[in-house]
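Chain residues, written in single-letter form:
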Amino acid sequence: MEAAIILVFVLGYLAITLEHNLKIDKLIPALVMMALLWAIIALGLESFPQWFDSAKHSLLDGFGAFSGERKMELMEETLLHHLGKTAEILVFLLGAMTIVEIIDYFDGFSTIKDFVKTKKKTKILWVFSILAFTLSAIIDNLTATIVLISILQKIVKDRDTRLYLAGLIIIAANAGGAWSPIGDVTTTMLWIGKKVSTGHLIGYLFVPSFLCMAVPSFIASFLPIFKGDLEVEEQVESKKKSRFSATMLYLGLGAIVFVPVFKMITHLPPYVGMMLSLGVVAIFAEVYSSSKFSLTVFNSEESDAHALHSPVHHSLSKIELPSILFFLGILMAVAALESLGILFELASKLKETMPMLGTEMSYSYEAHTVSDLVILLLGVGSAVIDNVPLVAASLGMFSEPLDNELWHFVAYSAGTGGSMLIIGSAAGVVAMGMEKIDFFWYLKKISWLALIGFLVGAAAFMVTRTLF
């Protein structure tokens, strides 16, 4: 049964990567793959010897001895758990996308276009790279990618240039998320698990993460695609600017930045804060929008006409729902592999192949070479499969104390390694959906830049750790 699971997963991923060749939207294989994986698990539940407890990030003891009824209950609980976690992300995405569309309804991004006076592609490259690196540390790499690619779509009309910029935003966002405890889910796992502290995390990883962003951006600035100036359509330039554009831009972006603050204060999941932010932005949007029309509406025809101009309704109609469903399929498919412990086993096998990595091993100078190799392999592995179970496996592979340099290297590798493939990170997956980025295009054009940045940052970490 495990062979069938892996086969379906591989075929599903191939169908996603060959989207343009097969002429089938990647949404379809993602959803089919998800459904088939969970169907196979349900039908062959008795034959599976182990089960991964996602809540505790470890294999469940005694799963093989459970009754069939208990196994089915456990599978349903696990499916509901993963659906809940995935729904948190999707609701969060819906909120962020709606806020961005509300900003666009009031032509808020024209303020950014006015602020960014230059039309030189190289300068715009650096602006978006630095913004992605900074914002991802504050509002997490996934949200930063959504916001910046949404802005990118409004101010850069040339698709080829936009795709390159989107690829570099992915690299920069993942790099920025690695040095912040709230910037990436894997870093948050290590932070909550009391493996890293905020101060030491920033101290160890800021410079390596910055280089991981800056080196690819520097190399890319010499590519032919970034020579010259951006072409701006006259139609866009002549569009009448709303008098509320600047207000809605600052309000919308401020509302998104408020989400992690709300989480820190209330300890509620981020999507709750995002819904609050969306509600506040929507109130101002409706008030500002109603000022264009008569506030006293007497007949139904006028009422319907007014309803059609609701900025919230308009913004919701503009959201890319296929991207949301694609994200649902891919996350739930990975959750199926995680639930069977397949991803956990893959990471744990690294421990068996590296004899020096015992559970009591001290991360001494003599062990650095082997340990560094294992952690770098974890980073490369995170480009192929989800980095969450890989980091979860590392929690069981090593026994080092709080703020040992090993944990910071794990945070760096898992956080930035996913940039090497478009499917290797949540930021990459959502960008793939928003910009319809082809897997092989990214592999050819962006992956080598991400690899260079990853290796330069890793080398910088090895130098940095000697200072702490």
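Owing to the predicted nature of the structure, the values given are computational and were not obtained by experimental measurement. (Residues numbered from 1 in each chain as written. Predicted model: local features only at pLDDT ≥ 70, side-chain atom pairs only at ≥ 80, totals over all residues. Heavy atoms only, no water.)

Q: An account of the overall build of the protein chain is requested, with residue identities and associated values reported.
A: The number of helices and strands found in the protein chain is 23 helices and two strands. Across the 468 residues that make up the protein chain, the buried fraction comes to 54%. Taking the intrachain contacts of the protein chain between residues at least 6 apart in sequence as the baseline, contacts between residues at least 24 apart amount to 78%. A total accessible area of about 20,500 Å² is found for the protein chain, and carbon and sulfur atoms account for 67% of it. (Helix = DSSP H or I, 4+ residues; strand = E, 2+ residues; numbered from the N terminus. Buried < 20%, exposed > 50% of the residue type's maximum accessible area, 1.4 Å probe, protein only. Contact = heavy atoms within 4.5 Å. Areas by Shrake-Rupley, 256 points an atom, 1.4 Å probe, with all protein chains shown as cover.)

Q: Explain a nonpolar patch on the surface to me, using residue names and the numbers behind them.
A: A cluster of nonpolar residues, F258, V261, I265, L276, V280, I283, F284 and V287, forms a patch on the protein surface that exposes about 690 Å² of accessible area. Secondary structure elements with two or more residues in the nonpolar patch: α12 (245-266) and α13 (270-290). Counting residues per element, the nonpolar patch draws most heavily on α13, at five residues. Mapped onto the elements, V280 comes out in helix α13. When its relative accessible area of 34% is taken as the criterion, V280 is described as partly exposed. (Patch = residues over 30% accessible without salt bridge, like charges linked within 9 Å, V, L, I, M, F, W, Y side chains within 5 Å. Salt bridge = Lys/Arg side-chain N within 4 Å of Asp/Glu carboxyl O.)

Q: Summarise helix α7 (residues 141-155); cite the residues concerned and give the values.
A: Compared with an ideal rise of 1.5 Å per residue, which puts 15 residues at 21 Å, α7 spans 21 Å between its outermost C-alpha atoms and is within 8% of the ideal. With 14 of 15 residues buried, α7 lies mostly within the body of the structure. (Expected span 1.5 Å × (residues − 1).)

Q: Outline the nonpolar core, supporting the account with residue identities and numerical values.
A: Among the nonpolar cores identified, the biggest contains 127 residues, and I5, I41 and F226 are the most heavily contacted of them. Not counting chain neighbours up to four residues away, the residues in contact with F226 comprise K121, T122, L125, T161, Y164, L165, L168, A220 and S221. (Core = buried A, V, L, I, M, F, W, Y, C linked by side-chain atoms within 4.5 Å.)

Q: Describe unusual backbone geometry, with residues and values.
A: The phi torsion of most residues other than glycine is negative, and most of the peptide bonds are trans. Within the chain, H267 stands out as a residue other than glycine whose phi angle is a positive 65°. Assignment of secondary structure puts H267 in the loop between α12 and α13.

Q: Provide a residue-level description of the side chain of S209, including the pertinent values.
A: With respect to the element layout, S209 can be found in helix α10 (residues 198-220). Each residue touching S209, except ones within four places of it in the same chain, is listed here: F133, A175, A178, W179 and Y412.

Q: Any chance you could break down the side chain of S425 for me, citing the residues and the numbers?
A: Mapped onto the secondary structure, S425 falls in the loop between α20 (405-417) and α21 (426-435). Judged by its relative accessible area of 10%, S425 falls in the buried class. In this structure the side chain of S425 is engaged in a polar contact, spanning 3.0 Å, whose partner is the backbone nitrogen of G428. In this structure, S425 is in contact with I170, N174 and G418, ignoring residues within four places of it in sequence. (Polar contact = N/O pair within 3.5 Å; in protein donor to acceptor, adjacent residues only side chain to side chain.)

Q: How would you sum up the packing of aromatic side chains? Please name residues and give values.
A: For the structure on display, the rule yields 19 aromatic pairs. Taking 5.1 Å as the distance between ring centres and 80° as the angle between the ring planes, the aromatic pair formed by F218 and F222 counts as edge-to-face. Overall, the relative accessible area of 47% leaves F218 in the partly exposed class. Classification of F222 as exposed rests on a relative accessible area of 51%. Three or more aromatic residues joined by ring pairs make a cluster, and in this case those are Y105, F106, F244, F284 and Y288. (Phe/Tyr/Trp six-rings, centres within 6.5 Å; stacked < 30°, edge-to-face > 60°.)

Q: Describe the packing of α7 against α21, with residues and values.
A: Between two packed helices, the angle of one axis relative to the other and the distance separating the axes together describe the packing. Following both chains from N to C, one finds α7 and α21 inclined at 25°, their axes separated by 9 Å at the closest point. It follows that α7 is roughly parallel to α21 by the angle criterion. The two elements α7 and α21 meet at a crossing, and its hand is right-handed. Residues N141, L142, T145, I146, I149, S150 and Q153 of α7 form the contact with α21, whose participating residues are A426, A427, V430, A431, M434 and E435. For the contact of α7 with α21, the class distribution of residues is eight nonpolar, four polar and one charged. (Axes fitted to C-alpha atoms, helices over the stretch in contact; angles between N-to-C directions. Parallel < 35°, antiparallel > 145°, perpendicular 65-115°, else oblique. Left-handed = near helix turned anticlockwise from the far one by under 90°. Nonpolar A, V, L, I, M, F, W, Y, C, P; charged D, E, K, R; others polar.)

Q: Describe the confidence of the model for the protein chain, naming the residues involved and giving the relevant values.
A: When pLDDT is averaged across the protein chain, the result is 78; 81% of the residues are at 70 or more. The low-confidence segment residues 233-238, where pLDDT is below 50, has four contacts with residues more than four positions distant or belonging to other chains. Note on residues 355-366: pLDDT is under 50 here. Beyond four places in sequence and across chains, it has 30 contacts. (pLDDT = per-residue confidence, 0-100.)

Q: Residues and numbers for the environment of L14, please.
A: Relative to the helices and strands, L14 resides in helix α1 (residues 2-17). In sequence terms L14 and P29 are 15 residues apart; their C-alpha atoms lie 9.1 Å from each other.

Q: Describe the environment of E19, and please don't skip the residues or the numbers.
A: Mapped onto the elements, E19 comes out in helix α2 (residues 19-22). In this structure E19 comes out as buried when scored by relative accessible area, which is 9%. Separated by 10 residues in the primary sequence, E19 and P29 have C-alpha atoms spaced 9.1 Å apart. Leave out the neighbours within four places in its chain, and E19 touches I24, D25 and K26.

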